[in-house]
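Read off the chains here:
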Amino acid sequence: MALEHITVLDLTHMLSGPYGTMLLADLGARTIKVEPPGAGEGTRRLLEHDPDYSRDGMGAYYLTLNRNKQSVCVDLKSETGKAVFLDLVRQADVVFDNFSVGVTERLGIDYATLSKVNPRIVTCSVTGFGQTGPQTQRPAFDQVVQAMGGGMSITGTPESGPTRSGIPIGDLGGGIFGAMGVLAAIAERERTGRGQHVDVSMLDAQISLLNYMATMHLMSGIVPDGIGNAHFVHVPYNSYPTADGHVIVACIGDAFFERFVEFIDIPELRDPEYRKQPVRFAAKARIDALISDRLRTESTAHWLERLRAARIPCGPVNDFAQALGDAQVLARDMVVEVPLKTGDTVRMPGNPMKLSAAPQATYTCPPALGEDTTRVLRDLLGYSPERLAELQATGAIA
């Protein structure tokens, strides 16, 4: 596996941080969850008894985000426990957290401290607003940064008002950029021999994802409104109702529009003026209405077959069952089975990064709380049975 030579100490909780370390674990990194004795990290308890969304005493959050990881229980608030953690740092490559700003400093496990113990260590903190600036201490969750990052303002329509993404892209974006930052720091360490700190702001990630739309605003001063499923350049580019669902038609550029006009055979769309993008955009509502009226007459499958035959970009608006049962998705191993200790399995999304030199991906059961404490401290640090018993007696480990 690409990252099997990398050891990650995972101090994360909830979603943004655990998703970032899950990506690293899926790529082969030895990922050791360092959890407080007692309840462990927050998502362990989430949905744990829900009849629909739990298996083997673990809820869907924890099951998904913590596959391929190990768990050790260390009390970072005790000096003895912190000493154990620093021993782990000496053998590790990465320490990844999503604590609030200032927590690692208060615990004495910030980059400045850890780099004295291991100059090669890479640390990563995913926070709502980053380590610098006037708002570092503000709490932030997914929808807060979705709203502040501008994306919600263009999701939905002026009539419906701002709408958050159904996918928690505020949290997930922080985890993705955190994993990317860690990999960049590891790559630079190969050249310099030293680690560094990776500071990822969830709000920064949302601003980055605005991409060319932000540039358009900064160039023109125009503040875009919510446009629903339409596009603010291309027409037709929208979701359209069919007799039994919806399809997406995405005509980018004049050539695709001309091909679509021949396909749909609506006389009004043959107006030569519509061959010009500015004219089409000005008449977007009328064009969408004409297309909707035509597509409502037949099923989604009927239109998709014909649209694909005409090589017009299109797709169904799938629900979860349809998306997770799609032949292409299944062929790409994007639904995988993760084993449980009971012998059962849980199906969940796979790893989207396909490396040609990697073996067939395998997945291990998310760990029970502290399941690997003895094994990791014995094998990685060389702790004796007596030392382990002493630490457990004091409550420094569990």
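Please refer to the structure higher up on the page.
So, a few notes on the structure that sits alongside this text.

Before going further, it helps to spend a moment on the overall build of the protein. Along the protein, the regular secondary structure elements total 16 helices and 13 strands. Summarising its shape, the C-alpha atoms of the protein cover approximately 85 × 50 × 40 Å along the three principal directions. Across the 398 residues in the protein, those meeting the buried criterion constitute 45%. In the protein, the proportion of contacts linking residues at least 24 apart, taken out of those at least 6 apart, comes to 68%. Carbon together with sulfur atoms contributes 55% to the accessible area of the protein, which is approximately 20,000 Å² in total. Positive and negative side-chain charges of the protein, numbering 37 and 46 respectively, have mean locations separated by a distance of 3 Å.

All right, on to unusual backbone geometry then. Here the residue pair Val 235 and Pro 236 is connected by a cis peptide bond, since its omega of -5° sits within 30 degrees of zero. Structurally, Pro 236 is set in the loop between helix 8 (202–220) and strand 9 (237–241). Despite not being glycine, Asn 211 shows a phi value in the positive range, around 50°. In this structure, Asn 211 sits in helix 8. One non-glycine residue with positive phi stands out, namely Asp 333, at about 55°.

Topologically, Leu 307 is positioned in helix 12 (residues 300–309). Note on Leu 307: relative accessible area 0%, which makes it buried. As for Leu 307 and Phe 260, which are separated by 47 residues in sequence, their C-alpha atoms are 8.4 Å apart. Not counting the four nearest positions on each side in its chain, Leu 307 is found in contact with Val 249, Phe 260, Phe 263, Ile 312 and Cys 314.

Right, let's talk about the sheet that holds strand 10 (residues 246–250) for a bit. The pairing of strands in a sheet happens through backbone hydrogen bonds and is either parallel or antiparallel. With respect to topology, three strands assemble into an open sheet ordered 9-10-11, the strand pairing being antiparallel. Two strands in the sheet have a free side with no partner beyond their single neighbour: strand 9 and strand 11 (314–316). Within this sheet the neighbouring strands show an average axis-to-axis angle of 20°, counted without direction. Examined bridge by bridge, strand 10 and strand 11 share three bridges and lie antiparallel to one another. Residue pairing for strand 11: Ile 248 is matched across the bridge by Gly 315.

Applying the stated criterion across every chain, the model contains 18 salt bridges. Notably, a salt bridge pairs Glu 79 with Lys 82, separated by 3.7 Å at the nearest N-O pair. Of the two residues, Glu 79 and Lys 82 are both situated in helix 3 (residues 79–91); the distance of three residues between them amounts to about one turn of the helix. You can call Glu 79 exposed: its relative accessible area is 60%. The salt bridge partner of Lys 341 is Glu 371, with a shortest N-O separation of 3.1 Å. One end of the pair, Lys 341, is in the loop between strand 12 (335–339) and strand 13 (345–349); the other, Glu 371, is in the loop between strand 13 and helix 15 (373–379), and 30 residues separate them in sequence.

Here we take up the pairing of strand 5 (residues 69–73). Counting buried residues along strand 5, five of its five residues qualify, which places the element largely inside the surrounding structure. As defined by bridge partners, strand 2 (residues 30–35) adjoins strand 5 across five bridges and the pair is classed as parallel. Bridged to Glu 35 within strand 5 is Cys 73.

Conventions we followed
- Residues numbered from 1 in each chain as written.
- Predicted model: local features only at pLDDT ≥ 70, side-chain atom pairs only at ≥ 80, totals over all residues.
- Heavy atoms only, no water.
- Helix = DSSP H or I, 4+ residues; strand = E, 2+ residues; numbered from the N terminus.
- Buried < 20%, exposed > 50% of the residue type's maximum accessible area, 1.4 Å probe, protein only.
- Contact = heavy atoms within 4.5 Å.
- Areas by Shrake-Rupley, 256 points an atom, 1.4 Å probe, with all protein chains shown as cover.
- Lys, Arg positive; Asp, Glu negative; His and termini not counted.
- Charge placed at Lys NZ, Arg CZ, Asp CG, Glu CD.
- Pairing = 2+ DSSP bridges.
- Axes fitted to C-alpha atoms, helices over the stretch in contact; angles between N-to-C directions.
- Salt bridge = Lys/Arg side-chain N within 4 Å of Asp/Glu carboxyl O.

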